[in-house]
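Per-entry structural report
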Amino acid sequence: MTVSFKDKGASRRQFLTGAAAAGVGTVAATVAKAAGDPLITQKQEWAQATGDGVDASPYGLPIQFEGDVIRRNVEWLTADTISSINFTPIHALDGTITPQGCAFERHHSGAIELRKEDYRLMINGLVDTPLVFTYEDLERFPRENHVYFCECAANTGMEWAGAQLNGAQFTHGMIHNMEYTGVSLRTLLNEAGLGAAGDLKDKWVYVEGADASSNGRSIPMEKALDDVLVAFKANGEALRKEHGYPVRLCVPGWEGNMWVKWLRRIEVTAQAIESREETSKYTDTLEDGTSRKWTWVMDAKSVVTSPSPQAPIKHGKGPLVITGLAWSGRGAITGVDVTIDGGKTWQKARLAKPGEKMAMARFYLDIDWNGEEMFLQSRAHDETGYVQPTKTQLRDVRGLNSIYHNNCIQTWWVKPNGEAENVEIS
Ligand SMILES: Nc1nc2c(c(=O)[nH]1)N[C@H]1C(S)=C(S)[C@@H](COP(=O)(O)O)O[C@H]1N2
Ligand SMILES: [Mo]
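Residues numbered from 1 in each chain as written. Chains lettered and ligands numbered in written order. Predicted model: local features only at pLDDT ≥ 70, side-chain atom pairs only at ≥ 80, totals over all residues. Heavy atoms only, no water.

1. Thoughts on the sheet that holds strand β24 (residues 411-414)
Formally: By this definition, two strands are paired if DSSP reports at least two bridges between them. The way it works is that DSSP assigns letters per residue, a run of H or I at least four long becomes a helix, a run of E at least two long becomes a strand, and they are numbered from the N terminus.
Taken in spatial order, the 5 strands line up as β20-β19-β23-β24-β25 in an open sheet, and their pairing is antiparallel. Unpaired on one side and paired on the other, β20 (347-348) and β25 (420-423) mark the two borders of the sheet. Pairing geometry for strand β23 (residues 374-382) and β24, over 4 bridges, is antiparallel. Counted as the bridge partner of Phe375 is Trp413 from β24.

Written as C-alpha cells, this is what we have:
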C-alpha cells in the first residue's frame, strides 16, 4: 500500500508499507493543516506539570476519553436485567481479543459471587470413581491455552424479519473472543475413569452451573473428549464474576449456552437429558412449525465493524479502512470478501493473520472512497469450504420463525455524509 503525505511546498514523500493492497489515495489533510496549529506551536498543559505517579490506579481502567466503549443492553428485549443479555462494543474494538471488561454477559438468573474456597466441581454418573475437585485440585492438572470465540446462539436473532437494531454492537455483539487457560475436560473425565461408561459412542455428559438457573446442557461424549476446556483464566487473568468465576466451560465453536459458567457438575449419562435449555429454548422452529434441536455448531459468519452505524466515516472521501470480524464454529476462517455495492462486485479482504480454529479473525480492506453511498457487506469462508449465506438463502431453508443461528450476510448503507444505517439486501 502507498500512502503519500503532501507537504505545504511541492515536495512529496512516499511511505511504503509491506501490505499488498491496491493503492489508496492521499492522506493530505493532517500535514496541510499543520501550520499555525496551537497544538504544535504552543506549550501544552500536559507538558507543564507532572502526570500521575505509578499506583494512581493499581488495577488500570480505560482512560476517561474511552468511556463510550462499554457493554450496552437493549432495554425492551428482556423484562429485567437478571435474565438478560448485553452486547460487546465490537464497533469500537480492533484486533481480535475481547477485553473481559467489555465482553458481553448473558445470565439466566444473574451473575453470582462464588469464592474459590467455596468452589467444588463434581464428576458423577457412569464413571469408575465419582470425584469432587476443589479449585486448587484443578490447578494441579496439565494446563492448556487456547483462543476461542463464544457466541450466543441468539446473536443477530432480532434481524430475521428485517433490519432492526442500528449498530454492529447490537446486531452482532453477543460474542467475545478470549485466550482461555484451563484443563481439558478429557483429562478430568479420564481421572474419574470412563470404563463404567462402556461404549463411549452413544454416551453424553450433562454439565450444569452453580447459579439458580443451573443452565444444564447435554454434550455428546465425542465433543467432550475432543476440545472442551474447563477454564479458570481468560486473557491471562482470573475470569470475571460475570463470565463464571472461578471456573467455566469452553465448548469451542458451539453455541454460547453450552459454555456453562460457575461450572459445578459434570454427569456422564447414557442419553441426553433434554433439559429446558435444549428443548423449549435453543431449538429452531422451522416454517412448518417443527423445531430443529441439537443445532450446536455456530456456522461461519462475519460483520463489518467499521464503518458501521456507531462508527461513521468522519474524514470524507479518500483513503478508508474498512474492517471487521469473521469466525466459524467448524474451524478456521480462510477468507473474507467485502463488497461496497451491495454484492454486485466482491473484493478479497486482507486477514490480519491466518485464521485459527474456532477463533475470531480480523479483516481489513483499504479503499479509496469516492464519497458516494456504499452498501457494505462481508462474506466469510471457512476451512470446510462453507460460505456465509445471504439472508434470502438462509430464510429459504429456515423460514421466519427462528431466533437462533442467524449467520446471514449483514448490510450497512453508508451515506455520502459518512453515516451508516442497518438495511436489508436479501
Ligand atoms: N451457569 C450458567 N451458565 C451460562 C449461562 C447462565 O445463565 N448460567 N448463560 C449461558 C449463555 S445463554 C451464554 S450465551 C453464555 C454467555 O457467556 P458470557 O456471559 O460469558 O458472555 O453463557 C452460558 N452459560
Ligand atoms: Mo446464549
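Now, onward.
2. A short note on the sheet that holds strand β21 (residues 350-351)
With respect to topology, 4 strands assemble into an open sheet ordered β17-β18-β22-β21, the strand pairing being antiparallel. The sheet is open, and its two edges are formed by β17 (301-306) and β21, each paired on a single side. Where β17 meets strand β18 (residues 318-327), 5 bridges bridge the pair, whose relative direction is antiparallel. Bridge pairing links Val304 to Gly324 in β18.

3. Digging into helix α7 (residues 391-398)
This is how it is decided: Note on classification: 1.4 Å probe, protein chains only; a residue is buried when its accessible area is under 20% of the maximum for its type, exposed when over 50%, partly exposed between these limits. Think of the arc as the fan of directions from the helix axis to the C-beta atoms.
Residues Lys391, Leu394, Arg395 and Arg398 constitute the buried set of α7. The buried side chains of α7 occupy one side of the element, clustering within an arc of 95 degrees when seen end-on. In α7, those exposed residues whose orientation departs by more than 90 degrees from the buried face are Asp396 and Val397. Positioned one or two residues after α7, Gly399 has a phi angle of 75 degrees, which is positive.

4. Thoughts on the packing of aromatic side chains
Centre distance and the angle of the planes are the two values used to describe a pair of aromatic rings. This is how the line gets drawn: Pairing of aromatic rings covers Phe, Tyr and Trp, the last through its six-membered ring, and needs centres within 6.5 Å; plane angles under 30 degrees mean stacked, over 60 mean edge-to-face, and all others mean tilted.
A full pass over the atoms with the stated rule returns 11 aromatic pairs. Between Phe133 and Phe141, the ring centres sit 5.7 Å apart and the planes meet at 80 degrees, which makes this aromatic pair edge-to-face. The exposure classification of Phe133 matches that of Phe141, with both residues buried. Summarising the aromatic geometry, the rings of Trp204 and Trp294 are spaced 5.4 Å apart at their centres and angled 45 degrees between planes, so their arrangement reads as tilted. Residue Trp204 is located in strand β9 (residues 204-209), and its partner Trp294 is located in the loop between β16 (291-292) and β17; the two are separated by 90 residues in the primary sequence. Its relative accessible area of 15% is what places Trp204 among the buried residues. Under the relative-accessibility criterion, Trp294 is labelled partly exposed at 24%. Joined through ring pairs, the aromatic side chains of Trp204, Trp254, Trp294 and Trp296 make up one cluster.

5. Regarding the pattern of salt bridges
Selection criterion: One side-chain nitrogen of Lys or Arg within 4 Å of one carboxyl oxygen of Asp or Glu is enough to make a salt bridge.
Applying the stated criterion across every chain yields a total of 27 salt bridges. Residue Arg276 is joined to Glu277 by a salt bridge in which the shortest nitrogen-to-oxygen separation is 2.5 Å. Exposure remark for Arg276: the relative accessible area of 48% places this residue in the partly exposed category. A relative accessible area of 5% places Glu277 in the buried class.

6. Brief notes about the layout of surface pockets
What counts here: Here a cavity is any set of points on a 1 Å grid over the protein atoms alone where a 1.4 Å probe fits but cannot get out, and a pocket is any open set with protein on both sides within 12 Å along at least 5 of 7 lines; a residue lines the site when it has an atom within 4 Å of a point. Grid points are joined across faces, edges and corners, and a volume is the space filled by probe spheres set on the points.
Put simply, the largest pocket is a space of about 440 Å³. Looking at the largest pocket, it is lined by 21 residues, and the ones nearest its centre are Arg106, Ala154, Tyr282, Ile403 and Tyr404. Of the volumes computed, that of the second largest pocket is approximately 360 Å³. Along its surface, the second largest pocket is lined by 17 residues, and Leu61, Pro62, Pro99, Gly101 and Cys102 are the ones closest to its centre.

7. Section: a nonpolar patch on the surface
What counts, and what does not: Patches here are clusters of residues that have more than 30% relative accessible area and form no salt bridge, with a 9 Å joining cutoff for like charges and a 5 Å cutoff for nonpolar side chains (Val, Leu, Ile, Met, Phe, Trp, Tyr). Residue exposure ignores everything except the shown protein chains as possible cover, and the areas themselves are Shrake-Rupley values with a 1.4 Å probe.
On the surface, Leu39, Ile40 and Trp46 cluster together to form a nonpolar patch covering roughly 410 Å² of accessible area. With respect to the element layout, Trp46 can be found in the loop between α2 (38-41) and β3 (84-85). Exposure remark for Trp46: the relative accessible area of 64% places this residue in the exposed category.

8. Considerations on unusual backbone geometry
Most peptide bonds are trans, and most residues other than glycine sit at a negative phi. Backbone torsion omega between Tyr245 and Pro246 reads 5 degrees, so that peptide bond is classified as cis. Here the bond from Ser306 into Pro307 is cis, since omega is 0 degrees, no more than 30 degrees from zero. Residue position: Pro307 is located in the loop between β17 and β18. The backbone phi angle of Ser214 is positive, close to 65 degrees, even though this residue is not glycine. Residue position: Ser214 is located in the loop between β9 and β10 (217-220). With a phi angle near 45 degrees, Asn215 is a residue other than glycine that sits in the positive phi range. Structurally, Asn215 can be placed in the loop between β9 and β10. Since its relative accessible area comes to 10%, Asn215 is described here as buried.

9. What about helix α5 (residues 185-192)?
Listed as buried for α5 are Leu185, Leu188, Leu189 and Ala192. All buried residues of α5 fall inside an arc of 100 degrees around its axis, so they share one side.

10. Brief notes about the environment of Val127
Counted only if it meets this: Any two residues having at least one pair of non-hydrogen atoms within 4.5 Å are treated as being in contact.
With respect to the helices, strands and loops of the structure, Val127 is situated in the loop between β5 (120-125) and β6 (131-134). On a C-alpha basis, the gap between Val127 and Pro99 in space is 37 Å, while along the polypeptide they are 28 residues apart. In this structure, Val127 is in contact with Ala192, Gly193, Leu194, Ala196 and Val268, ignoring residues within four places of it in sequence.

11. Quick word on the side chain of Ser275
Turning to its location among the elements, Ser275 is positioned in the loop between β14 (263-269) and β15 (284-285). Residues contacting Ser275, with those up to four places away along its chain left out, are Tyr206, Gly216 and Arg217.

12. Structural notes on the confidence of the model for the chain
Put simply, the rule is: In predicted models, pLDDT denotes the confidence assigned by the predictor to each residue on a 0 to 100 scale.
When the pLDDT values of the chain are averaged, the result is 93; 92% of them are 70 or greater. Here residues 1-23 scores under 50 on pLDDT; set against residues more than four positions off or in separate chains, the count is 36 contacts.

13. Some remarks on the site of ligand 1
Our working definition: We call a residue near a molecule or strand as soon as one heavy atom of that residue lies within 4 Å of the molecule or strand. Whenever two N or O atoms come within 3.5 Å, that pair is a polar contact, provided that in protein one can donate a hydrogen and the other can accept it, and provided that, for residues adjacent in sequence, both atoms are side-chain atoms. Residues are grouped as follows: Ala, Val, Leu, Ile, Met, Phe, Trp, Tyr, Cys and Pro are nonpolar; Asp, Glu, Lys and Arg are charged; every other residue, Gly included, is polar.
Residues in contact with ligand 1 amount to 21 residues; listed here are only the nearest, Phe104, His108, Asp211, Arg248 and Lys261. Within the side chain of Lys261, an N or O atom sits 2.5 Å from an oxygen atom of ligand 1. When isolated, ligand 1 has an accessible area of 530 Å², and the protein chains bury 100% of it. Here the shell around ligand 1 is built from residues that sort into 6 nonpolar, 9 polar and 6 charged.

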